[in-house]
Amino acid sequence: KQEVTQIPAALSVPEGENLVLNCSFTDSAIYNLQWFRQDPGKGLTSLLLIQSSQREQTSGRLNASLDKSSGRSTLYIAASQPGDSATYLCAVRTNAGKSTFGDGTTLTVKP
Amino acid sequence: NAGVTQTPKFQVLKTGQSMTLQCAQDMNHEYMSWYRQDPGMGLRLIHYSVGAGITDQGEVPNGYNVSRSTTEDFPLRLLSAAPSQTSVYFCASSYTSGAPSRGYTFGSGTRLTVV
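About the cut-offs
Residues numbered from 1 in each chain as written. Chains lettered and ligands numbered in written order. Predicted model: local features only at pLDDT ≥ 70, side-chain atom pairs only at ≥ 80, totals over all residues. Heavy atoms only, no water. Pairing = 2+ DSSP bridges. Helix = DSSP H or I, 4+ residues; strand = E, 2+ residues; numbered from the N terminus. Axes fitted to C-alpha atoms, helices over the stretch in contact; angles between N-to-C directions. Salt bridge = Lys/Arg side-chain N within 4 Å of Asp/Glu carboxyl O. Buried < 20%, exposed > 50% of the residue type's maximum accessible area, 1.4 Å probe, protein only. Disulfide = S-S within 2.5 Å. Core = buried A, V, L, I, M, F, W, Y, C linked by side-chain atoms within 4.5 Å. Contact = heavy atoms within 4.5 Å. Polar contact = N/O pair within 3.5 Å; in protein donor to acceptor, adjacent residues only side chain to side chain.

Novice: I'd like to hear about the sheet that holds strand β3 (residues 19-25) of chain B, residue by residue, with values.
Specialist: Residue and element names in this part refer to chain B. Strand order in the open sheet formed by four strands is β1-β3-β8-β7, and the pairing between neighbours is antiparallel. Single-partner strands in this sheet number two, and they are β1 (4-7) and β7 (64-66). On average, each strand axis in the sheet is inclined to that of its neighbour by 20 degrees, with strand direction left out of account. Pairing of β7 with strand β8 (residues 76-78) involves three bridges; the strand directions are antiparallel. Within the sheet, the bridge partner assigned to V66 lies in β8 and is L76.

Okay, structure coming up:
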């Protein structure tokens, strides 16, 4: 059974810092990995999707990497802003179509 | 706007009542799924469907029924509500194999309280 772990559970940084969020998974036979953002009381917004054949994806200040052999993905946020404050979740999807979600990292960016 | 629409946004039920949470998508996605999100337990898959007429159980299916008569709609039925079903429910959809992207699109959620 796939297990997905996100560490740390919470992170607080001053505005302007670069930061890395981690996602680990136990079964490397994945189809893709997707990073989401969730604001309090809201739904999940997709940030980046990495197919199993890819190593990284970039969108603006966000960069996600994937290392299947070690079972790890990282989400890099450059020049963090208070508006980046949210919970970030990763989801690992198998070839059968189902996904396993991590519990998320709650990020607070202080002005 | 294209996307996943969930109704209602909020609902309060009494124990034993039944209700249906609605989910509709207009992106012609084959795959649709229901999750519940609880503090400290993350997102857990309830039921999913890979196409019209095909449904399957996820991690926590007990107390819930689904059907998929059309590509667009995937309602979730609570048969006899229990306080343990108090949660936030999310519907998500995506393309299936062969498509350039299989990323999920999520609805905005239904916050359900069972008293």
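After that view, the rundown keeps rolling.
Novice: How would you summarise the pattern of salt bridges if you had to cite specific residues and measurements?
Specialist: With the rule as written, the count across this model stands at four salt bridges over all chains. Across the pair R37 of chain A and D39 of chain A runs a salt bridge, and its minimum N-O distance is 3.0 Å. The class of R37 of chain A is buried, set by a relative accessible area of 17%. A salt bridge links R44 of chain B to D38 of chain B, with the shortest nitrogen-to-oxygen separation between them at 2.9 Å.

Novice: Could you give an account of the sheet that holds strand β1 (residues 4-7) of chain A, with specific residues and numbers?
Specialist: Residue and element names in this part refer to chain A. Read from one edge to the other, the open sheet built from five strands follows the order β1-β3-β8-β7-β6, with strand pairing classed as antiparallel. Bordering the open sheet on either side are β1 and β6 (56-59), each of which pairs with just one other strand. Neighbour to neighbour, the strand axes of the sheet diverge by 15 degrees on average, direction disregarded. Where β6 and strand β7 (residues 62-67) come together, four bridges link them in antiparallel fashion. Residue pairing in the sheet places S59 in a bridge with L62 of β7.

Novice: Explain the state of the cysteines to me, using residue names and the numbers behind them.
Specialist: Such a bond, covalent and formed between the sulfur atoms of two cysteines, is termed a disulfide. Applying the stated rule across the entire model yields two disulfides over all chains. Linked covalently through their sulfurs, C23 of chain A and C90 of chain A form a disulfide whose S-S length is 2.0 Å. Residues C23 of chain A and C90 of chain A share a disulfide whose torsion about the S-S bond is about 75 degrees; that sign makes it right-handed. Of this pair, C23 of chain A sits in strand β3 (residues 19-25) while C90 of chain A sits in strand β9 (residues 86-93); the two residues are 67 residues apart in sequence, bridging distant segments of the chain. As far as burial versus exposure is concerned, C23 of chain A and C90 of chain A are alike and both buried. With a sulfur-sulfur separation of 1.9 Å, C23 of chain B is cross-linked through a disulfide to C91 of chain B. Disulfide C23 of chain B-C91 of chain B: the torsion about the S-S bond is -70 degrees, which places it as left-handed. Linking C23 of chain B in strand β3 with C91 of chain B in strand β9 (residues 87-94), this pair joins segments that are 68 residues apart in sequence. C91 of chain B matches C23 of chain B in its accessibility class, with the two residues each being buried.

Novice: Any chance you could break down the nonpolar core for me, citing the residues and the numbers?
Specialist: Here is a general trend for soluble globular proteins: nonpolar side chains tend to be buried in one another's company. Residue and element names in this part refer to chain A. Membership of the largest hydrophobic core comes to 22 residues, with the highest contact counts inside it found for L33, W35, L75 and I77. Put simply, the parts of the chain that give this core at least two residues each are β3, β4 (32-38), β5 (44-51), β7, β8 (72-77), β9 and β11 (105-110). Dropping the residues within four chain positions of it, L33 is found in contact with C23, F25, L48, L49, I50, L66, S73, C90, A91 and V92.

Novice: Describe the side chain of Q6 of chain B, listing the residues and the values that go with them.
Specialist: All names here are of chain B. In this structure, Q6 sits in strand β1. Note on Q6: relative accessible area 2%, which makes it buried. Within the structure, the side chain of Q6 is placed 3.0 Å from the backbone oxygen of Y89, a separation counted as a polar contact. There is a polar contact of 2.9 Å between the side chain of Q6 and the backbone nitrogen of C91. Setting aside its immediate chain neighbours within four residues, Q6 contacts Q22, W34, Y89, F90, C91, G107, S108, G109 and T110.

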